[in-house]
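# Inside the fold
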Amino acid sequence: MDRLRLGAERDAATPVSARGAREAVRLSIVVPVLDEAAGIVPMLAALAPLRAAGHEVIVVDGGSRDDTVALAAPLADRVIASERGRAAQMNAGAALATGDALLFLHADTRLPDDAAEAIAGAWRRGARWGRFDVTIQGRSRWLPVVAAAMNLRSRITGIATGDQGMVISRALFASVGGFAPLALMEDLELSKALKRAAGRPVCLASRVLTSGRRWDRDGALATIVLMWRLRAAWALGADPARLARQYGPARARSHVLQVFAKAPEPGAVKTRLAQALGERAATAAYIALAEHTLDVAAEARRRGVVAAIELWCAPDATHPTLAAWARRCGGTLHVQQGADLGARMRHALRDALSRDDMPILIGTDCPAIDVGYLAAAAHALDDNAAVLGPVEDGGYALVGVSRDVDAFDGIAWSTPTVMDQTRALLARAGARWQELPTLWDVDTADDLARWRAPRATTA
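These figures come from a predicted structure and were not determined experimentally.

## Overview of the overall build of the chain
The secondary structure content of the chain amounts to 21 helices and 15 strands. For the chain, buried positions account for 53% of its 459 residues. Taking as baseline every contact in the chain between residues at least 6 positions apart, the subset at least 24 positions apart corresponds to 72%. Accessible area for the chain stands at about 19,500 Å²; split by element, carbon and sulfur atoms hold 54% of it.

Right under this line is the structure:
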């Protein structure tokens with residue numbers, strides 16, 4: 001740990017409480033990541049105000065196989081690679097940090113808006129390490145109880161967990177040798193060392209928001225029992241590596257992108273557009289829009305945002321262009337089934353849910369959907385039953401679900417009230433959902449010109 005000590009010599013020479021009294025605390029936010037392409041963009045975007053205020057963000061990748069590193073690069077001050085393992089990755093980030101305090105933040109955790117102010121206030125009062133209270137976001141009704149228990153236990157024991165956003169004076173972190181090289185419980189071991197060196201942590205009442213995906217996926221009660229059993233075993237001296245194998249990774253569910261498409265026959269596609277342009281021109285526009293959508297889909301899969309692409313076809317999957325499109329994006333062909341659009345969407349979504357996948361369904365007429373938008377949708381499904389991508393005409397261009405939700409029956413499709421009707425059905429079902437920024441789709445000649453204008457400029 002010599003590099004940690006060398007990096008903190010300046011801080012060690014000046015008492016933290018004295019520095020904090022006369023200047024703001026500059027934070028180095030260290031984010032360990034591994035295959036986080038689906039959520040890294042919104043996570044790091046939320047830290048942009050802190051970067052603008054002079055704090056730094058260091059992302060430490062443990063060998064991601066998706067596009068995490070490329071997506072993180074423009075949104076962080078440094079993106080580095082290290083040995084895999086949360087402890088090793090956080091130590092690597094700390095070794096390069098230049099801030100007064102280190103804030104270790106998991107990739108599925110969000111800071112409160114007043115995080116920097118809360119830390120600065122605690123430092124002015126002489127604090128050298130601490131953590132936030134936590135709120136766990138997810139679908140289980142047990143999660144508020146779990147979060148309350150975590151916060152209370154931390155106050156009683158003086159032990160902090162990584163989910164609570166641990167913040168530590170850089171000099172103090174170096175003096176205790178950083179995180180021990182453990183496969184699990186590295187945060188608890190560090191807390192014990194910090195308590196011995198500097199006393200109990202300051203417990204900040206501001207709340208970080210962390211994902212409850214493990215509780216939702218593995219079952220809240222089962223996860224609670226598992227975690228208490230592992231903590232008890234750790235307290236009795238069990239091998240952390242063995243405990244890590246028992247804990248295992250959160251059981252992953254894949255995001256699947258479903259694209260609804262029609263066979264490109266004149267008179268059967270873009271009928272509103274055909275009234276202004278004629279059937280052949282409207283069909284050509286439809287083909288261009290579809291191929292643009294499929295290229296975005298292929299890029300999303302390449303970057304690890306989605307694991308698979310499904311092309312859901314109407315009236316069937318026999319048209320040669322549909323087969324060519326499937327090859328273009330590396331997708332599989334499926335046939336839409338159902339009496340109306342709602343029934344067809346629900347059938348496709350249920351098909352993916354039956355495999356324990358999380359589907360995201362789009363059409364081909366919203367060229368504003370890009371990889372970042374799909375990544376935001378995938379991330380939203382980690383903590384919500386549904387995600388919607390509204391469009392300006394009152395409908396939506398994207399819908400994703402993490403469980404079967406009755407949000408499609410009785411909708412008056414192709415009307416300006418589709419989005420409002422869908423919101424009402426979701427609320428009636430008791431489902432939590434997230435809405436992405438409003439986009440626009442191509443239904444008219446003006447819409448088509450809107451899409452073509454920037455393309456013509458860059459051509």
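## Examining the packing of helix α16 (residues 279-302) against helix α17 (residues 320-329)
Across the interface, α16 lies against α17 with an axial gap of 8 Å and an inter-helix angle of 30°. In terms of orientation, α16 lies roughly parallel with respect to α17. When you trace α16 past α17, the crossing you get is right-handed. Taken together, the residues of α17 that come into contact with α16 (itself represented by Y286, I287, A290, E291, L294, D295, A298 and R301) are W325, R328 and C329. Within the contact of α16 with α17, the residues separate by chemical class into 7 nonpolar, no polar and 4 charged.

## Considerations on the side chain of N384
One can find N384 in the loop between α19 (371-380) and β13 (386-390). Here A380 takes part through its backbone oxygen, which lies 2.9 Å from a polar atom of the side chain of N384. Separated by 3.5 Å, the side chains of N384 and R432 make a polar contact. Contact partners of N384, with chain neighbours within four places excluded, come to R139, S402, R432, W433 and Q434.

## A word on the environment of N384
N384 gets classed as buried once you look at its relative accessible area, which sits at 4%. In this structure the C-alpha to C-alpha distance between N384 and R139, which are 245 residues apart in sequence, comes to 6.8 Å.

## Focus: the pattern of salt bridges
Per the counting criterion, the structure on display carries 19 salt bridges. Between E299 and R303 there is a salt bridge whose closest N-O contact spans 2.9 Å. Residues joined by salt bridges that share partners form a network here, namely R346, R350, D404, D406 and D409.

## Quick word on α16
Over its 24 residues, α16 extends 34 Å from the first C-alpha to the last, a length consistent with the 34 Å expected when each residue adds 1.5 Å. Along α16, the positions that sit buried rather than exposed are A282, T283, A285, Y286, L289, A290, T293, L294, V296, A297 and A300. Two residues or fewer after α16 comes G304, characterised by a positive phi angle close to 85°.

## A look at the sheet that holds strand β3 (residues 78-81)
Across the sheet, 8 strands lie side by side as β3-β2-β1-β4-β7-β6-β8-β5; this open sheet has mixed pairing. The open sheet terminates on both sides in strands that have one partner only, identified here as β3 and β5 (109-110). With 6 bridges connecting them, strand β1 (residues 27-33) and strand β2 (residues 56-61) associate as parallel partners. Residue S28 lies in a different strand from β2, and its bridge partner there is E56. Contacts between helix α8 (residues 115-124) and the sheet are confined to β1, β4 (101-104), β6 (129-137), β7 (167-169) and β8 (202-211), with β8 contributing the most and set at about 155° to the helix.

## Quick notes on the packing of aromatic side chains
Under the defined criterion, the tally for this structure stands at 5 aromatic pairs. Seen in terms of ring centroids, F104 and F173 are 5.2 Å apart; in terms of plane orientation they differ by 40°. Their pairing is tilted. Placement of the pair is F104 in strand β4 and F173 in helix α10 (residues 170-175), with a sequence separation of 69 residues. The class for F104 is buried, based on a relative accessible area of 3%. A relative accessible area of 1% means that F173 is categorised as buried.

## Notes on the sheet that holds strand β14 (residues 396-401)
In space, the 7 strands of this open sheet follow the order β11-β10-β9-β12-β14-β13-β15, with mixed pairing throughout. Strands at the two margins of the open sheet, each flanked by one partner only, are β11 (332-335) and β15 (433-435). Strand after strand, the sheet turns through a mean of 20° between neighbouring axes, direction not considered. The sheet contact formed by strand β9 (residues 255-262) and strand β12 (residues 358-362) spans 5 bridges and is parallel. Residue pairing in the sheet places Q258 in a bridge with L361 of β12.

Cut-offs and rules
Residues numbered from 1 in each chain as written. Predicted model: local features only at pLDDT ≥ 70, side-chain atom pairs only at ≥ 80, totals over all residues. Heavy atoms only, no water. Helix = DSSP H or I, 4+ residues; strand = E, 2+ residues; numbered from the N terminus. Buried < 20%, exposed > 50% of the residue type's maximum accessible area, 1.4 Å probe, protein only. Contact = heavy atoms within 4.5 Å. Areas by Shrake-Rupley, 256 points an atom, 1.4 Å probe, with all protein chains shown as cover. Axes fitted to C-alpha atoms, helices over the stretch in contact; angles between N-to-C directions. Parallel < 35°, antiparallel > 145°, perpendicular 65-115°, else oblique. Left-handed = near helix turned anticlockwise from the far one by under 90°. Nonpolar A, V, L, I, M, F, W, Y, C, P; charged D, E, K, R; others polar. Polar contact = N/O pair within 3.5 Å; in protein donor to acceptor, adjacent residues only side chain to side chain. Salt bridge = Lys/Arg side-chain N within 4 Å of Asp/Glu carboxyl O. Expected span 1.5 Å × (residues − 1). Pairing = 2+ DSSP bridges. Phe/Tyr/Trp six-rings, centres within 6.5 Å; stacked < 30°, edge-to-face > 60°.

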